[in-house]
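Overview (structure and organization)
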Amino acid sequence: MKKTFLIIVLSLFVGVTLYSQDSLSVSQLNTSTVRIAYINKGELLALIPQIAKIEKELAQLEDEYETEFLVMSKEYERKVKSYLERNKQMSEPIKLARQTEITELESRMAMYKQRYKEEINKQRANSYAPINQLIDNAIRLVSKREKITILFDSAQPIYVSDQCIDLTPLVKAELGL
């Protein structure tokens with residue numbers, strides 16, 4: 001009986017202690033001001049003059065790759081057409097050789113397209129990296145200066161109260177846009 005009573009008392013003591021620590025944390029949080037802000041990073045990127053140049057260069061690179069892919073496609077179409085027209089007159093080893101050529105060309109085309117898409121994405125990431133770094137630095141600077149606790153990147157917020165701060169104009173000013 002004494003053990004049961006002691007366990008109940010200790011449990012209550014631990015529970016009250018934990019509750020008071022939780023209450024303390026919440027009250028401490030209420031004494032400091034939480035400032036929430038949002039920013040439209042996409043809008044900032046669109047205003048950077050270098051972006052148009054980067055996108056133009058990437059479009060030219062993609063056109064070059066696409067032109068080469070079209071050459072490969074025409075060769076593929078020519079080989080398939082030739083095979084379809086002549087396959088009835090071909091001996092079995094020649095048919096297999098032509099089918100293998102067509103299959104290998106299909107594989108090369110798929111691999112080429114995958115590689116050039118990866119290369120364009122890599123070029124885009126490399127080109128955007130310094131601009132993203134510039135914007136991120138400006139965002140951090142403005143956030144610290146404005147004592148922002150939480151910052152969201154949002155192009156279209158669903159709801160924004162009057163207490164939420166839009167840092168986009170301040171970061172634009174920081175970037176000279």
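Structure shown above.
Right, let's walk through the structure included here.

Definitions and limits used
Residues numbered from 1 in each chain as written. Predicted model: local features only at pLDDT ≥ 70, side-chain atom pairs only at ≥ 80, totals over all residues. Heavy atoms only, no water. Helix = DSSP H or I, 4+ residues; strand = E, 2+ residues; numbered from the N terminus. Polar contact = N/O pair within 3.5 Å; in protein donor to acceptor, adjacent residues only side chain to side chain. Contact = heavy atoms within 4.5 Å. Pairing = 2+ DSSP bridges. Patch = residues over 30% accessible without salt bridge, like charges linked within 9 Å, V, L, I, M, F, W, Y side chains within 5 Å. Areas by Shrake-Rupley, 256 points an atom, 1.4 Å probe, with all protein chains shown as cover. Salt bridge = Lys/Arg side-chain N within 4 Å of Asp/Glu carboxyl O. Buried < 20%, exposed > 50% of the residue type's maximum accessible area, 1.4 Å probe, protein only. Phe/Tyr/Trp six-rings, centres within 6.5 Å; stacked < 30°, edge-to-face > 60°. Lys NZ or Arg CZ within 6 Å of the ring centre and 35° of its normal.

**Section: the side chain of Lys 41**
- Relative to the assigned elements, Lys 41 resides in helix 2 (residues 41-47).
- A polar contact is formed between the side chain of Lys 41 and the side chain of Asp 136, at a distance of 2.7 Å.
- Look past the residues within four positions of Lys 41 in its chain and what remains in contact with it is Asn 132, Ile 135, Asp 136 and Asp 153.

**A closer look at unusual backbone geometry**
- One non-glycine residue, Lys 147, lies in the positive phi region at around 55°.
- Secondary-structure assignment places Lys 147 in the loop between helix 4 (92-145) and strand 2 (150-153).

**Describing the sheet that holds strand 3 (residues 165-166)**
- Reading across the sheet, the 3 strands line up as 2-1-3 and stay open at both edges, with parallel pairing between neighbours. Edge positions in the sheet fall to strand 2 and strand 3, since each of these pairs with one other strand and no more.
- Sheet topology places strand 1 (residues 36-39) next to strand 3; 2 bridges connect them, and they run parallel. Counterpart to Ala 37 in the pairing with strand 3 is Ile 165.

**Observations regarding the environment of Ile 51**
- Tracing the sequence through the fold places Ile 51 in helix 3 (residues 49-86).
- Taking the C-alpha atoms as reference, Ile 51 lies 8.8 Å from Ser 127; in sequence the two are 76 residues apart.
- Those residues in contact with Ile 51 that lie beyond four places of it in its chain are Leu 45, Tyr 128 and Ile 131.

**Side note on a nonpolar patch on the surface**
- A cluster of nonpolar side chains, contributed by Val 34, Ile 36, Ile 150 and Phe 152, occupies part of the molecular surface with about 320 Å² of accessible area.
- Its place among the elements puts Val 34 in the loop between helix 1 (2-31) and strand 1.
- Since its relative accessible area comes to 42%, Val 34 is described here as partly exposed.

**Considering the packing of aromatic side chains**
- Inspection of every chain in the model, using the stated rule, returns 4 aromatic pairs.
- Ring geometry for Tyr 112 versus Tyr 116: centroids 5.6 Å apart, planes at 55°, classification tilted. A residue pair is termed a helical-turn pair when its members lie 3 or 4 positions apart in one helix, as Tyr 112 and Tyr 116 do in helix 4 at 4 residues.
- Judged by its relative accessible area of 2%, Tyr 116 is buried.
- Through a chain of ring-to-ring contacts, three or more aromatic side chains come together here, namely Tyr 65, Phe 69, Tyr 112 and Tyr 116.
- The aromatic ring of Phe 69 is capped on one face by Lys 113, whose charged end is 4.6 Å from the ring centroid.

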